[in-house]
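Listed here are the chains, written in short residue letters.
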Amino acid sequence: MNEPDIVDAAAGLSSGSPIGMLRRQRDVFVRHTRGSHDVLVVPRDPAGVSLVERAAAALRVATIERDPALSAHYREQLRRAGADAATIAAAGQDAEVSAASPRLAAILRHVALVATAPGSATRARLDALQQLGLAPRDIVTLAQIVAFVSYQVRVAAGLRALAQEVRA
Amino acid sequence: MSKPNFTLEAVEWAAWMPTVEAATATPRQLAALDASPQRDSPYFLTLAHDVDSLEQRSPLFHAVMYAPRGLPRADRELATVVVSIINGCVYCSSVHARRFAELTKQPEIIQRLYNEGLGTALQPRQRAIVDFAAKLTRSPQEIGAADMAPLREVGMDDLQIHDLIHAVAMFANANRLMQTLGEPIPPG
């Protein structure tokens, strides 16, 4: 894949910069960070969680985490997945959603809870998602998306700061 | 929500949804489970529902925690315990507190973090790791070049800081999976 690495772009690194080169000393990190993104956000077979739902979940997390670069990235993924303007607007805010379908609204509410207050999750919430038609696999996929973007935001923020210090 | 009961004792974890059963798992699920730290744990048997993501996450997690050189393992474990305390992940903190104690023979450092909070008195290197891990966990967008200074003062080079960032970030990930797909079973 020749397009720029997403974490490099979000952290403002070019691959030939000192911190871009530093990352390549840990090639396994780079490869499986990218691989995780791809299987979660743009999988060949999205199975029970549509590409729109996946990108919407990721955009919600990046928005809650106030990362402009990753929010822009996931907004673009959501657009490419074919989401309408109302869905993009609903996913790209950090407050309660009104404009989405009941299923997407429930997904985004769950995603926001996992992102901001993982300790307040309960079995009853997973039961409610299953009653909306989400299979255990789908719920695991959503948890992995939130967990991954939470990771990605912090890797990008940390590397951005490290690169600023190295340049200064 | 009651206050989490952090412990240095072993904690079990129970899934909130039916797990993948070894008897009916696909070959890919079995291979991904074999590449995980504990193939029979309900946690990995839950993650195996989405085998595509588990196939990527296991090697990432393993490299972040165990890749050679760079940040010493005990420092990575300390950072992950700090993140787990902030997020309230009793299971994660127990596992990695025990690893830290095995590596350093200093369980009392963890016990003080549990009892007195993250502000407890620490050696300068541990203080710098705890403060950085706490800030990157709570306020990633407020991390800046100035936050590198305490890490440099205790001798960290670029690769060590790179590894510290990833250990902290990996537990933003791990805690959210552990805390939202099941619950800890406290030691009996």
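All values reported here derive from a predicted model rather than from experimental measurement.

**Q** Got a sec to walk through the overall build of chain B? Specific residues and values, please.
**A** Summing up its helical and strand segments, chain B has nine helices and two strands in all. Listed N to C, the secondary structure of chain B is β-α-α-α-α-α-α-α-α-α-β in terms of helices and strands. Projected onto the principal axes, the alpha-carbon positions of chain B cover approximately 55 × 35 × 30 Å. Across the 188 residues of chain B, 48% fall into the buried class. For chain B, long-range pairs separated by at least 24 residues make up 70% of all intrachain contacts whose partners lie at least 6 apart in sequence.

**Q** Report on unusual backbone geometry, specifying residues and quantitative values.
**A** The phi torsion at A:A47 lies on the positive side, around 50 degrees, for a residue other than glycine. Tracing the backbone shows A:A47 in the loop between helix 3 (27–41) and helix 4 (51–64).

**Q** Requested: an account of the interface of chain A and chain B, with residues and values cited.
**A** With 46 residues of chain A in contact, the opposing surface of chain B contributes 44 residues. When contributions to the side of chain A that touches chain B are tallied by element, the ones reaching two or more residues are helix 3, helix 8 (123–131) and helix 9 (136–167) of chain A. By residue number, the principal contributor to the side of chain A that touches chain B is helix 9 of chain A, which donates 23 residues. Class assignment of the residues belonging to the side of chain A that touches chain B gives a composition of 26 nonpolar, twelve polar and eight charged.

Calculation rules
Numbering of residues starts from 1 in every chain and runs along the sequence as written. Both sets of labels track the order of writing: A upward for chains, 1 upward for ligands. Given that the model is predicted, a residue must reach a pLDDT of at least 70 before its local features are reported, and side-chain atom pairs must reach 80 or more before they are shown or counted; all residues, however, enter totals for whole chains, interfaces and linings. In DSSP terms, a helix is any run of H or I states spanning at least four residues, a strand is any run of E spanning at least two, and both are numbered starting from the N terminus. Every C-beta atom is placed from the backbone, and the number of other C-beta atoms within 10 Å of a residue's own sets its class: buried at 20 or more, exposed at 12 or fewer, partly exposed in between. In this description, a residue-residue contact is defined by the distance between C-beta atoms placed from the backbone, which must lie within 7 Å. Ten residues, namely Ala, Val, Leu, Ile, Met, Phe, Trp, Tyr, Cys and Pro, are considered nonpolar, four, namely Asp, Glu, Lys and Arg, are considered charged, and the remaining ones, Gly among them, are considered polar.

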